[in-house]
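Fold and geometry: a report
Each chain, letter by letter, is given below.
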Amino acid sequence: MAALLRGVRAGRALRGLSSVVAAPTATTPQCSSLSRGFHRAAPRLQDDFKSDKPPPSSSSTTFHEHYQAHSAEQDNTATASHEGAAAEQASRPNTSYQDQSGEQGEEYETEEQLQARILTAALEFVPLHGWSMEAIASGAETLGLSSASTGMFNNGAGDLVLHFITQCNSQLTEILAEQHKQVQLGQAESKATADFLRDAVETRLRMYIPYIESWPQAMSILLLPHNIPDSLKHLSTLVDDIWYYAGDRSTDMNWYTKRAALTGIYNTTELVMLQDSSPDFEDTWNFLDNRIQDVVNMASTAKQVQSTGEAVVQGLMGAAFTLKNLTGLNQRR
Amino acid sequence: MQRAAHTAVCVVAPAMIRRCLKCRVPLQVNSRAYSVVPTPRDSEEKDMLDRILRVDHAGEYGANRIYAGQMAVLGRSRTGPLIQQMWDQEKKHLQKFNEILAENRVRPTALLPFWNVAGFVLGASTALLGKEGAMACTVAVEESISEHYNSQIRALMEKDPERYTELLQVIKEFRDEEMEHHDTGLEHDAETVPGYWLLKNAIQLGCRAAIYVSERV
């Protein structure tokens, strides 16, 4: 499962990479080889692509200069398909299992990437077949594979639902990161926390609208015992991401209470959405507004209670002290 | 050529950063030039760093509360200023770890309220045994913490000293200050408290259990 999800990430990353780099490839093959060389410099296929970018490239320029000679021959293949990055890695001195599997050339992709592609294609058939193996089989067929390739998916419909959830979460994270960047560049105003949460949850739930008819089936699949750990993990990463971009940097119990509150809001709003028949789900968004207001009110009430409590305690201490003075207990003889 | 590489990276980087999916690696949206903890390469490293930072944060939080308990009892005595000084250094440590945790999106331990109360009670009850009791508690706790920091330093050095230089620097600095507190405690007659051996070992056992639990919960 973890491998599948890593593959989903990797697959998407590579596809995104190819779409970005495809443009400069035509005009500056040098540039693409450098960037490909740079990517190859990352020791591992999956996460390094994303996580090694921010650190200064000075540490990897030595790598990419070294690999540039290597890549020059392989640049001749016109396709900028970076699913071939896996094969490029196979050309490096270290022996990875991909190298030894015998698959070479630019078109090679890992099993996880293939699964991700099939599941993404299968999503179109969900309104027709529901969240089931038939949808996955139809998806495989549109990619030109036989429907027997559904044998790859041990978890069946669960795989499809989890893949969809992962996709939605990453889309949301992209949107939030983009907004965050806009705010940091000063091109947009930062929103109040309640508004930010409302917008984030609304954006995320709107991604379910195309599949809303069959969403109850998906939710029941997620509640199957063997899917619960994964669905909880996705939910917790979703909520953590939303709070992070909302600006939460707490390192005490607030970390837990905030996430618990948002999880409650998200789950109840999702359930309301399933029953909602108003135009454009207005009732759902109103419900969401009210729940967020509740939480905000509760937070401010808690603060008020705390400060009232402190004031009362101080008052009592003052009264006790006065009493002691009056009765003469405070004097030292 | 390097600039071309850099621009190629810049073109691709934002898309790549955003496509960092549920792998729980923090998105470097702040991209500060200097940060104490390097970006984890994979979820295994992230888990390891999370555990280290979580338990260190819990430790400093607990130490803070212990000194608060001691001050509550001995604050107005002669040892007050000394304890206050050590407490201020612990506050600085806690602040540093708060920053690191927030920056790296590390989950704080769920047992913080428990350490809050337990630390205060430990500090206050040992302080009730007098100045020597408070110093004995300090010696025991600081020794535990120093040992713990040392083992973390060893672990990080074994893995990759260059990658973790800043983090190692921070931990070493804090470990040195904890050792100072330990030595201060010894100087101020910690060993003269009755039942020193028992008290010290009981506290250290508690600390070890706390460290074990805070790494995981």
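Model, not experiment: these values are computed from the prediction.

With respect to the overall build of chain A
Within chain A, the secondary structure is distributed over 15 helices and zero strands. Out of the 333 residues in chain A, the part that is buried amounts to 46%. Put simply, 70% of the contacts in chain A that link residues at least 6 apart link residues at least 24 apart.

Quick word on the overall build of chain B
Within chain B one finds seven helices and zero strands. What you see in chain B, going N to C, is helices and strands ordered as α-α-α-α-α-α-α. For chain B, the residues scored as buried account for 54% of the 217 residues in total. In chain B, of all internal contacts separated by at least 6 residues, the share reaching a separation of at least 24 is 79%. With the model as given, the accessible surface of chain B reaches about 10,100 Å², and the carbon-plus-sulfur share is 56%.

With respect to the pattern of salt bridges
Summed over all chains, the structure comprises 22 salt bridges over all chains. Salt-bridge contacts for A:Arg198 lead to A:Asp199; the nearest nitrogen and oxygen are separated by 3.6 Å. A:Arg198 sits in the partly exposed class, given a relative accessible area of 21%. Residue B:Asp50 pairs with B:Lys46 through a salt bridge whose shortest N-O separation is 3.1 Å. Taken together, the residues B:Asp50 and B:Lys46, both in helix H2 (residues 43-74) and four residues apart, mark about one turn of the helix. Its relative accessible area of 13% is what places B:Asp50 among the buried residues. A relative accessible area of 7% means that B:Lys46 is categorised as buried. Through salt bridges that share partners, A:Asp240, A:Asp241, A:Asp248, A:Lys258, A:Arg259 and B:Arg105 make up one connected network.

Describing the nonpolar core
Residue and element names in this part refer to chain A. With 51 residues, the main nonpolar core has Trp131, Leu160, Phe164, Tyr208, Trp215 and Ile242 as its most contacted residues. Sorting the residues of this core by element identifies helix H7 (111-122), helix H9 (133-142), helix H10 (157-184), helix H11 (193-206), helix H12 (215-222), helix H13 (228-246), helix H14 (253-275) and helix H15 (282-327) as the ones contributing at least two each. Broken down by element, the residue count for this core peaks at 10 residues, all from H10. Taken domain by domain, the makeup of this core includes at least three residues from each of domain 1 (111-153) and domain 2 (157-315). Setting aside residues up to four positions removed in sequence, Trp131 forms contacts with Leu123, Val126, Ala157, Leu160, Val161, Phe164, Tyr211, Ser214, Trp215, Gln217, Ala218 and Ile221.

As for the UniProt feature "domain: COQ9 C-terminal" (unreviewed entry) in chain A
Mapped onto the present numbering, the UniProt feature "domain: COQ9 C-terminal" (unreviewed entry) falls on residues 228-298 of chain A. Annotated as residues 228-298 of chain A, this span is 83% helix and 0% strand, and its ends, taken at the C-alpha atoms, are 30 Å apart.

A look at the UniProt feature "domain: Ubiquinone biosynthesis protein COQ9 HTH" (unreviewed entry) in chain A
Those places that UniProt annotates as "domain: Ubiquinone biosynthesis protein COQ9 HTH" (unreviewed entry) correspond, in this numbering, to residues 111-141 of chain A. Annotation note: span residues 111-141 of chain A, helix share 81%, strand share 0%, distance between end C-alpha atoms 17 Å.

Points about a nonpolar patch on the surface
A cluster of nonpolar residues, A:Leu223, A:Ile228 and A:Leu232, forms a patch on the protein surface that exposes about 280 Å² of accessible area. If you trace the backbone, A:Leu232 turns up in helix H13.

A closer look at the confidence of the model for chain B
Residue and element names in this part refer to chain B. Averaged over every residue, the pLDDT of chain B is 86; residues scoring 70 or more account for 84%. When the criterion is pLDDT under 50, residues 2-23 qualifies, and its contacts beyond four places in sequence or with other chains add up to 51 contacts. Confidence drops under pLDDT 50 across residues 25-31; counting only partners more than four residues distant or on other chains, this segment forms 23 contacts. The ipTM value of the predicted complex is 0.80, and its pTM value is 0.71.

Quick notes on the packing of aromatic side chains
All names here are of chain A. Per the stated rule, a full pass over the model turns up 11 aromatic pairs over all chains. Plain terms: the ring middles of Trp131 and Phe164 are 5.5 Å apart, the flat faces sit at 45° to each other, and that makes the pair tilted. Note that Trp131 is positioned in the loop between helix H8 (126-129) and H9 and Phe164 in helix H10, a separation of 33 residues in sequence. Residues Trp131 and Phe164 agree in their burial class; the two are buried. The interplanar angle of 80° and the centroid separation of 5.3 Å between the aromatic rings of Tyr244 and Tyr245 together place this pair among those described as edge-to-face. Judged by relative accessible area, which is 6%, Tyr244 ranks as buried. Joined through ring pairs, the aromatic side chains of Trp131, Phe164, Tyr208, Tyr211 and Trp215 make up one cluster.

Rules used in this analysis
- Residues numbered from 1 in each chain as written.
- Chains lettered and ligands numbered in written order.
- Predicted model: local features only at pLDDT ≥ 70, side-chain atom pairs only at ≥ 80, totals over all residues.
- Heavy atoms only, no water.
- Helix = DSSP H or I, 4+ residues; strand = E, 2+ residues; numbered from the N terminus.
- Buried < 20%, exposed > 50% of the residue type's maximum accessible area, 1.4 Å probe, protein only.
- Contact = heavy atoms within 4.5 Å.
- Areas by Shrake-Rupley, 256 points an atom, 1.4 Å probe, with all protein chains shown as cover.
- Salt bridge = Lys/Arg side-chain N within 4 Å of Asp/Glu carboxyl O.
- Core = buried A, V, L, I, M, F, W, Y, C linked by side-chain atoms within 4.5 Å.
- Domains from an automatic or database assignment.
- UniProt positions renumbered as here; feature names shortened; annotations may be inferred.
- Patch = residues over 30% accessible without salt bridge, like charges linked within 9 Å, V, L, I, M, F, W, Y side chains within 5 Å.
- pLDDT = per-residue confidence, 0-100.
- Phe/Tyr/Trp six-rings, centres within 6.5 Å; stacked < 30°, edge-to-face > 60°.

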